[in-house]
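Listed here are the chains, written in short residue letters.
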Amino acid sequence: MKFTRRQLIRKSAHFAGIGLASNIIPFPLYAENLNYGPKEGLARLHWNENYYGPSERAIEAIKTSSFKGAYYPDHLVDYLKSMIADYNGLDNANIAISAGSTQALTILSQVKARQGTILSTGLTYDVHLSLAKNSGARVIRVNDNEDMTIDLQSIESLSRKNVSVVFIVNPNNPSGMIINSELLRESVKRMSENALVVVDEAYNEVTSEPETNSMVDLVRDGYNVAISRTFSKIYGLAGQRVGYMIGQPDVINEIRFNGTGEASLSMAGVSAAIASYEDKDFMNFSRDKINQAKEIVEIGLKSNGLSYLPSETNFILVNLGSIDADKFRDEMLKENILIRGKYGDYHNWSRVSMGNLSDVQRYVDAIPKALTNLSV
Ligand SMILES: Cc1ncc(COP(=O)(O)O)c(C=O)c1O
């Protein structure tokens, strides 16, 4: 199937309509023809995917399950819930599966918006927050500290004032930084006396100590806390759209009965998630590759005189000094390297995701020319 350029632009405009314009990448960059992956030669370092996924087990499950694609996957959804529940010492009633974690986060935001104010942090993953705001929700974003860490103290004090839900991403995106787990645990416990606290742990499995860093024990202990997780990151299944929320049964029911969560899932996606969930070999392999890529990028940044934030994720937020992050992104694009541009008021910070090792090496090699072209 071949589209004309005009048809492609018309198709891209459909996505731009979502209103997240800075996230939109022109369609022709992916592929001119029908193609399942990025265009040949394009280093895709902008969306924190795992280049090494899906795992072999997941691919096998996708292939095999496709033959039964005539059927709704409801029994598989229950199977996946049981796996997640067993692993975390919980019941199926504590788990909601959704089409990517964004769907469960969005449904929950919409429900909670009717019950009070939504409270969250400054620079963070905010698709669900923006959508809630667009539908009339009161959303308060607490500015981050000067060092770009989350201002937990201010969030905590505001959480006592007619707030229905607090959203915290840990480790955070795009900073990549993690909050000390004991500090966060105590704060979340206190906040959960007044509001539901959702901790988005999309990158938990990438961190050096996933178990210690997770707040899932608070759900087990009965706190009004929910944990958001996804198969899009370390599992390398972003294209299969599977995520989940762990929480108290009343919160899980709010998600299940206020959106199309479980009816939005595909046979292939759920099967791949089941095959991947406990595949420790693949997760360790991916974590190793991410760490190797981080080392290459960190050495490259330092040798070009650039600083960056300490990352516990599969991306790094780079301080470009006085250089505009959009212009830096455009320079990289000239070299067929896709990275993120500026974030809100942070004009000089640029996020790069860890792709395969040769792609991140290309990013590092392209830095000197980009800096030279942009220096005044
Ligand atoms: C912190 C965080 N949460 C959630 C998501 C959404 O992921 P998905 O909807 O693919 O599960 C992302 C994606 O980048 C993210 O960075």
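What comes next concerns the included structure. Bear in mind that the values here come from a model prediction, so they are computed numbers and not experimental data. Throughout, a residue's number is its position along its own chain's written sequence, starting from 1. Local features are withheld for residues below a pLDDT of 70 in this predicted model, meaning they are given only at 70 or higher, and side-chain atom pairs are given and counted only at 80 or more; totals for whole chains, interfaces and linings count all residues. To get the side-chain values, take all heavy atoms of the structure and skip hydrogens and water.

What follows concerns the site of the ligand. We call a residue near a molecule or strand when any one of its heavy atoms sits within 4 Å of it. Near the ligand lie 13 residues; those nearest to it are T102, D200, Y203, T230 and S232. Within 3.5 Å is the distance limit for a polar contact, defined as a pair of N or O atoms, with the added protein rule that one can donate a hydrogen and the other accept it, and that residues adjacent in sequence qualify only through two side-chain atoms. Taking T102, its side chain carries an N or O atom lying 2.5 Å from an oxygen atom of the ligand. Within the contact set of the ligand, an oxygen atom lies 2.5 Å away from a side-chain nitrogen or oxygen of T230. Only the protein chains shown count as cover for residues, with accessible areas throughout obtained via the Shrake-Rupley method and a probe of 1.4 Å. Across the complex, the protein chains shield 93% of the 400 Å² of accessible surface that the ligand would expose by itself.

By definition, a salt bridge exists where a carboxyl oxygen of Asp or Glu is found within 4 Å of a side-chain nitrogen of Lys or Arg. This model, assessed by the stated rule, comprises 18 salt bridges. Of the charged contacts, one joins R185 and E182 as a salt bridge, the two residues approaching to 2.7 Å between their closest N and O atoms. With R185 and E182 both in helix α7 (residues 181-191), this residue pair falls three residues apart, about one helical turn. When accessible area is computed with a 1.4 Å probe and restricted to protein chains, residues below 20% of their type maximum are described as buried, those above 50% as exposed, and intermediate ones as partly exposed. Residue classification places R185 among the buried positions, given a relative accessible area of 10%. A salt bridge links R229 to E205, with the shortest nitrogen-to-oxygen separation between them at 3.2 Å. Separated by 24 residues along the polypeptide, R229 in strand β7 (residues 225-230) and E205 in the loop between β6 (196-200) and α8 (210-213) bring together distant segments of the chain. The pair R229 / E205 is uniform in exposure class, with both members buried. In the salt-bridge network here, residues are joined through shared partners; they are D326, R329, D330 and K342. The numbering of helices and of strands both runs from the N terminus, where a helix is a DSSP run of H or I of at least 4 residues and a strand a run of E of at least 2.

Moving on: the sheet that holds strand β10 (residues 315-319). Across a sheet, paired strands are connected by hydrogen bonds in the backbone, their directions being either parallel or antiparallel. By this definition, two strands are paired if DSSP reports at least two bridges between them. Taken in spatial order, the three strands make up an open sheet running β9-β10-β12, and their pairing is antiparallel. The open sheet is flanked by β9 (307-308) and β12 (349-353), the only strands paired with a single partner. Across two bridges, β9 lies against β10 in antiparallel orientation. Residue pairing in the sheet places Y308 in a bridge with V318 of β10.

Moving on, we get to the sheet that holds β6. Across the sheet, which stays open at both edges, the seven strands sit in the order β2-β8-β7-β6-β5-β3-β4 with mixed pairing between neighbours. The open sheet has two edge strands, β2 (95-98) and β4 (139-142), and neither has a second partner. Strand-to-strand twist in this sheet, taken as the mean axis angle between neighbours without regard to direction, amounts to 20 degrees. Throughout, an axis means a line fitted to C-alpha atoms (over the contacting stretch in the case of helices), and angles, computed between N-to-C directions, take values from 0 to 180 degrees.

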